[in-house]
Amino acid sequence: MIQLLTPTHWKDYELIDCGDFEKLERFGNIVLIRPEPQAVWSKNLPPSEWQRLHHIKFKGRSATAGDWIKKDQKTPDRWHIEYKNKDAAIKFRLGLTSFKHLGIFPEQAVNWDYITQNIKKFKTPQPKVLNLFAYTGGASLIAQAAGADTTHVDSIKQVVTWANENQEISGLSNIRWVVEDALKFVKRELKRGKKYNGIILDPPAYGNGPNGEKWKLEDNINEMMADVIQLLDPDEHFLILNTYSLGFSSVIIENLIKSAFPKVQNLEIGELYLQATAGSKLPLGVFGKFFKTRS
């Protein structure tokens, strides 16, 4: 059964409306308009309401860059928000980047809840968690806050520095930061005989490692899955594979996981979305996840 899941614990984030290739979002007290290629339908709210509500709008200059247009220049470029579920609380420093990103993907809160639920279920005293393609560290932070020994791997030094800032403002410490190509890191951990109780993968469609390594999702994900499965603790584990690629379906994710791990238990697959207050559902990637606990 394919699941459709949306976050349920956000207080500091709200998707207000989406449509006509844009989304209207609230992060804390600041409301933004950003491009959204998936929103091919019409907006629910009138243009006058979008204009009234927003503080900042992103205007693209090219396919990969653009500018933020503020209605009031006093609106900050950086601010903090919090995410909290029943098991953990974390904070994020948000910032206006030239790539339209802010340093967070709010739909990932669904996966953060899965991480904390499993860590709390484990009998292992301090489960080891590996977060690959880890960006600004939402999954790393929530794992650490829930009591895990966490390793965070990303190929871009600037986002690892950003993730470390998020650790500090969250009142956390001792996350292991690694700036490296994810596939290279996994192969090295295999040689070392390392095992992890939790592994999170959120690979991009395309990417580059710090030494020019090339990542292309459809070319590399099968090899990556075959390797990470071998890093899982055989007795107690969880794994989350999340992708945001227009060509990928949750059935592809299911096949990838079953091919790499025929004995998988408690497998769930599906699609993440954000529910707009104005009515529409915004699809934002597909996932596969599974767990095993000691009986």
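Residues numbered from 1 in each chain as written. Predicted model: local features only at pLDDT ≥ 70, side-chain atom pairs only at ≥ 80, totals over all residues. Heavy atoms only, no water.

### Here we look at the layout of surface pockets
Here comes step 1: Of the voids in this model, the second largest pocket is the one considered here, and its volume is about 160 Å³.
Here comes step 2: As for the second largest pocket, its lining consists of Thr6, Pro7, Thr8, His9, Trp10, Tyr13, Glu14, Leu15, Leu274, Gln275 and Thr277.
Here comes step 3: Secondary structure elements with two or more residues in the lining of the second largest pocket: β2 (13-19) and β16 (268-275).
Here comes step 4: It is β2 that contributes the most residues to the lining of the second largest pocket, three residues altogether.
Here comes step 5: Classifying every residue of the lining of the second largest pocket gives five nonpolar, five polar and one charged. (1 Å grid on protein atoms, 1.4 Å probe; cavity = no way out; pocket = protein on both sides within 12 Å on 5 of 7 lines; lining within 4 Å. Points joined across faces, edges and corners; volume = space filled by probe spheres on them. Helix = DSSP H or I, 4+ residues; strand = E, 2+ residues; numbered from the N terminus. Nonpolar A, V, L, I, M, F, W, Y, C, P; charged D, E, K, R; others polar.)

### Remarks on the UniProt feature "domain: S-adenosylmethionine-dependent methyltransferase" (unreviewed entry) in the protein
Here comes step 1: Sequence positions flagged by UniProt for "domain: S-adenosylmethionine-dependent methyltransferase" (unreviewed entry) are, in local numbering, residues 57-210.
Here comes step 2: Secondary structure over residues 57-210 splits into 29% helix and 29% strand, and the C-alpha atoms at its two ends are 32 Å apart. (UniProt positions renumbered as here; feature names shortened; annotations may be inferred.)

### What to know about unusual backbone geometry
Here comes step 1: Positive phi is not limited to glycine here, since Tyr135 has a value of about 55 degrees.
Here comes step 2: Summarising the element assignment, Tyr135 is placed in the loop between β9 (128-132) and α3 (138-145).

### Let's talk about the sheet that holds strand β4 (residues 30-35)
Sheet strands pair via backbone hydrogen bonds, and the direction of the pair is either parallel or antiparallel.
Here comes step 1: Sheet architecture is open: five strands sit in the order β2-β3-β4-β5-β6, paired in mixed fashion. Both outer strands of the open sheet, β2 and β6 (66-70), are each paired with one neighbouring strand and no more. Neighbour-to-neighbour, the strand axes of the sheet open up by a mean angle of 20 degrees, direction not taken into account. (Pairing = 2+ DSSP bridges. Axes fitted to C-alpha atoms, helices over the stretch in contact; angles between N-to-C directions.)

### As for the packing of aromatic side chains
Here comes step 1: Here the structure, examined in full by the defined rule, presents eleven aromatic pairs.
Here comes step 2: Seen in terms of ring centroids, Trp10 and Trp112 are 6.2 Å apart; in terms of plane orientation they differ by 65 degrees. Their pairing is edge-to-face. Of the two residues, Trp10 sits in the loop between β1 (2-5) and β2 while Trp112 sits in helix α2 (residues 109-121), which places them 102 residues apart along the sequence. Trp112 shares its class with Trp10; the two are buried.
Here comes step 3: Residues Phe92 and Trp112 carry aromatic rings whose centres are separated by 5.4 Å and whose planes lie at 25 degrees to one another, so their mutual orientation is stacked. Of this pair, Phe92 sits in strand β8 (residues 89-95) while Trp112 sits in helix α2; the two residues are 20 residues apart in sequence, bridging distant segments of the chain. (Phe/Tyr/Trp six-rings, centres within 6.5 Å; stacked < 30°, edge-to-face > 60°. Buried < 20%, exposed > 50% of the residue type's maximum accessible area, 1.4 Å probe, protein only.)

### Some words on the environment of Lys214
Here comes step 1: Considering the arrangement of structural elements, one finds Lys214 in strand β14 (residues 214-216).
Here comes step 2: Taking the C-alpha atoms as reference, Lys214 lies 25 Å from Gln108; in sequence the two are 106 residues apart.
Here comes step 3: What Lys214 contacts, discounting residues up to four positions off in sequence, is Gly207, Asn208 and Asn220.
Here comes step 4: Side chain to side chain, Lys214 and Asn208 meet in a polar contact 3.3 Å long. (Contact = heavy atoms within 4.5 Å. Polar contact = N/O pair within 3.5 Å; in protein donor to acceptor, adjacent residues only side chain to side chain.)

### Some points on the sheet that holds strand β10 (residues 149-154)
Here comes step 1: Reading across from one edge, β1-β16-β17-β15-β12-β9-β10-β11 is the order of the eight strands in this open sheet, with mixed pairing throughout. Of all strands in the sheet, those with a lone pairing partner are β1 and β11 (176-179), marking the two edges. If you compare each strand with its neighbour and ignore which way they point, the axes differ by 20 degrees on average.
Here comes step 2: In this structure, β1 lies alongside β16, joined through four bridges in parallel fashion. For Leu4, the partnering residue across the bridge sits in β16 and is Glu271.
Here comes step 3: The strands touched by helix α4 (residues 157-169) within the sheet are β10 and β11, with β11 carrying the most contacts at an inclination of about 165 degrees.

### Notes on α4
Here comes step 1: Look at α4: 19 Å from first C-alpha to last across 13 residues, which is about the 18 Å you get at 1.5 Å a residue.
Here comes step 2: Taken together, the buried positions of α4 are Val159, Val160, Trp162, Ala163, Asn166 and Gln167. Viewed along the axis of α4, the buried residues span an arc of 155 degrees, placing them on a single side of the element. Within α4, the exposed residues directed more than 90 degrees away from the buried face are Lys157, Gln158 and Glu168.
Here comes step 3: In this structure, the buried residues of α4 make contact with β8, α3, β10 and β11.
Here comes step 4: Two residues or fewer after α4 comes Gly171, characterised by a positive phi angle close to 70 degrees. (Expected span 1.5 Å × (residues − 1). Arc of directions from axis to C-beta.)

### Overview of the packing of α2 against α3
Here comes step 1: Close contact between α2 and α3 brings their axes to 9 Å; oriented N to C, the two are set at 25 degrees. Taken together, α2 and α3 sit at an angle that is classed as roughly parallel. The chirality of how α2 crosses α3 is right-handed. Of the residues in α3, those touching α2 at Trp112, Ile115, Thr116 and Ile119 are Gly138, Ala139, Ile142 and Ala143. (Parallel < 35°, antiparallel > 145°, perpendicular 65-115°, else oblique. Left-handed = near helix turned anticlockwise from the far one by under 90°.)

### Considerations on the environment of Ile33
Here comes step 1: Of note, Ile33 is situated in strand β4.
Here comes step 2: Sequence separation between Ile33 and Gln51 is 18 residues, and the spatial gap between their C-alpha atoms is 9.3 Å.
Here comes step 3: The contact partners of Ile33, leaving out residues within four places of it in the chain, are Glu22, Lys23, Leu24, Trp50, His54, Ile56, Lys57, Phe58 and Trp68.

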